[in-house]
Amino acid sequence: MLSMRRVVAAAVFACAAAGFSATTQAASCGNGPAGFPAWLQDFKQEAARAGISQRVIDSALSGVSYQSKVIRLDRGQHSFKLSFDEFYRKRVNDAMIRKGHKLIGQYSSLLSSIEKRTGVPPEVIVSIWGLETGYGRNSGSMATFPSLATLAYDCRRSAFFTGELLAALKIVQRGDIAPAQMRGAWAGELGQTQFLASSYLRFAVDGDGNGRRDLINSVPDVLASTANYLRAYGWQPGQGWEPGTTNYNVLHQWNKADVYVKTISVMASKMAGRS
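Residues numbered from 1 in each chain as written. Predicted model: local features only at pLDDT ≥ 70, side-chain atom pairs only at ≥ 80, totals over all residues. Heavy atoms only, no water.

J.: For this particular structure, what's the right way to read the side chain of Ser218?
T.: Take Ser218: it is sitting in the loop between helix H11 (197–203) and helix H12 (219–232). A relative accessible area of 6% places Ser218 in the buried class. Within polar-contact distance, the side chain of Ser218 engages the side chain of Asp208 at 2.8 Å. (Helix = DSSP H or I, 4+ residues; strand = E, 2+ residues; numbered from the N terminus. Buried < 20%, exposed > 50% of the residue type's maximum accessible area, 1.4 Å probe, protein only. Polar contact = N/O pair within 3.5 Å; in protein donor to acceptor, adjacent residues only side chain to side chain.)

Rendered as structure tokens:
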């Protein structure tokens, strides 16, 4: 859920800087779905003025409709305060650790080359992979553009999600992935480690050398991009990741919830054979 997601600096994908009008950025919460088609038409015009090609706009946004389910999910978020032990038991078990350890062996060459470039150890990357989506098994199946458009139209976080919607269009325009393939979480997070679209633009890298950055289907892209994100926020090679370290603070750039960060830290330590 988005309240547990990392709050990335990429939210500065400021709509004002992109030339988006206040009308496009916001809608009245009382309007409901009736005003969505007109808002979407305005957004398409603003996206074109921001440099998105008509081909991309048509391929991504044609037929996009208001998604009541997305609004229900957004309104239904409940902040829960679990202790670390409660959260860890809820999200992690021994089988998950064993699976992570097996994947480290399976992708040892790839993970070793990523660590040489970024300084981020395999155990940390794989722990994030496992905690976010169960190593890619649960990346989400909701179409990204209808979700983001609905949240951009809605008034609660309109500016933020308008920026994310624009970023998603830029991903398509860059040639990384087709709109029909862009499916993920209800709030628009994409890929096997759940990048927001703006983070996808900033941090995704081509890990398999095919010229595209595909965080949905390419494991090399997923693992390399996750490490690149942490490196960009100051990961210190050769240092630990336990509470009180610089790298633990870097993990807080991935997710602001301390129980989440501590879970990544403990998972990584277990996979590394530490107590």
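There's plenty left to go through after this.
J.: Sorry if this is basic, but what is going on with the packing of helix H9 (residues 144–153) against helix H10 (residues 158–174) here?
T.: For any two helices packed against each other, the geometry is given by the interaxial angle and the distance between the axes. Contact geometry for H9 and H10: axes closest at 7 Å, N-to-C directions at 150°. If you check the angle between H9 and H10, you find them roughly antiparallel. The interaxial crossing formed by H9 with H10 has left-handed handedness. Touching Phe145, Leu148, Ala149, Leu151 and Ala152 of H9 are Ser158, Phe161, Thr162, Glu164, Leu165, Ala168, Leu169 and Val172, all from H10. (Axes fitted to C-alpha atoms, helices over the stretch in contact; angles between N-to-C directions. Parallel < 35°, antiparallel > 145°, perpendicular 65-115°, else oblique. Left-handed = near helix turned anticlockwise from the far one by under 90°. Contact = heavy atoms within 4.5 Å.)

J.: Any chance you could explain the environment of Asn228 here in plain terms?
T.: Here Asn228 shows up in helix H12. Owing to a relative accessible area of 13%, Asn228 belongs among the buried residues under this scheme. Look past the residues within four positions of Asn228 in its chain and what remains in contact with it is Thr118, Phe203 and Val205.

J.: So what exactly am I meant to see when it comes to unusual backbone geometry here?
T.: Leave glycine aside and you will find that most residues have negative phi; peptide bonds, for their part, are mostly trans. The backbone of Tyr135 sits at a positive phi, close to 60°, despite the residue not being glycine. As for its placement among the helices and strands, Tyr135 is situated in the loop between helix H8 (122–133) and strand S1 (142–143). Judged by relative accessible area, which is 7%, Tyr135 ranks as buried. The phi dihedral of Gln194 is positive, around 60°, even though this residue is not glycine. Its place among the elements puts Gln194 in the loop between strand S2 (183–184) and H11.

J.: Help me understand the packing of aromatic side chains, please; the structure alone is not making it clear to me.
T.: Both the distance between ring centres and the angle between the ring planes are used here to describe each pair of aromatic rings. Taken as a whole and assessed by the stated rule, the structure comprises 17 aromatic pairs. Plain terms: the ring middles of Trp39 and Tyr153 are 6.0 Å apart, the flat faces sit at 65° to each other, and that makes the pair edge-to-face. Taken together, the positions of Trp39 in helix H2 (residues 36–49) and Tyr153 in helix H9 put the pair 114 residues apart, joining distant regions of the chain. The exposure class of Trp39 is buried, given its relative accessible area of 4%. With relative accessibility at 4%, the residue Tyr153 sits in the buried group. Ring centres of Tyr66 and Tyr153 lie 5.9 Å apart, and the angle between their planes is 90°; this geometry places the pair in the edge-to-face category. One end of the pair, Tyr66, is in the loop between helix H3 (54–61) and helix H4 (68–75); the other, Tyr153, is in helix H9, with 87 residues separating them in the sequence. With relative accessibility at 19%, the residue Tyr66 sits in the buried group. Joined through ring pairs, the aromatic side chains of Phe36, Trp39, Phe43, Tyr66 and Tyr153 make up one cluster. (Phe/Tyr/Trp six-rings, centres within 6.5 Å; stacked < 30°, edge-to-face > 60°.)

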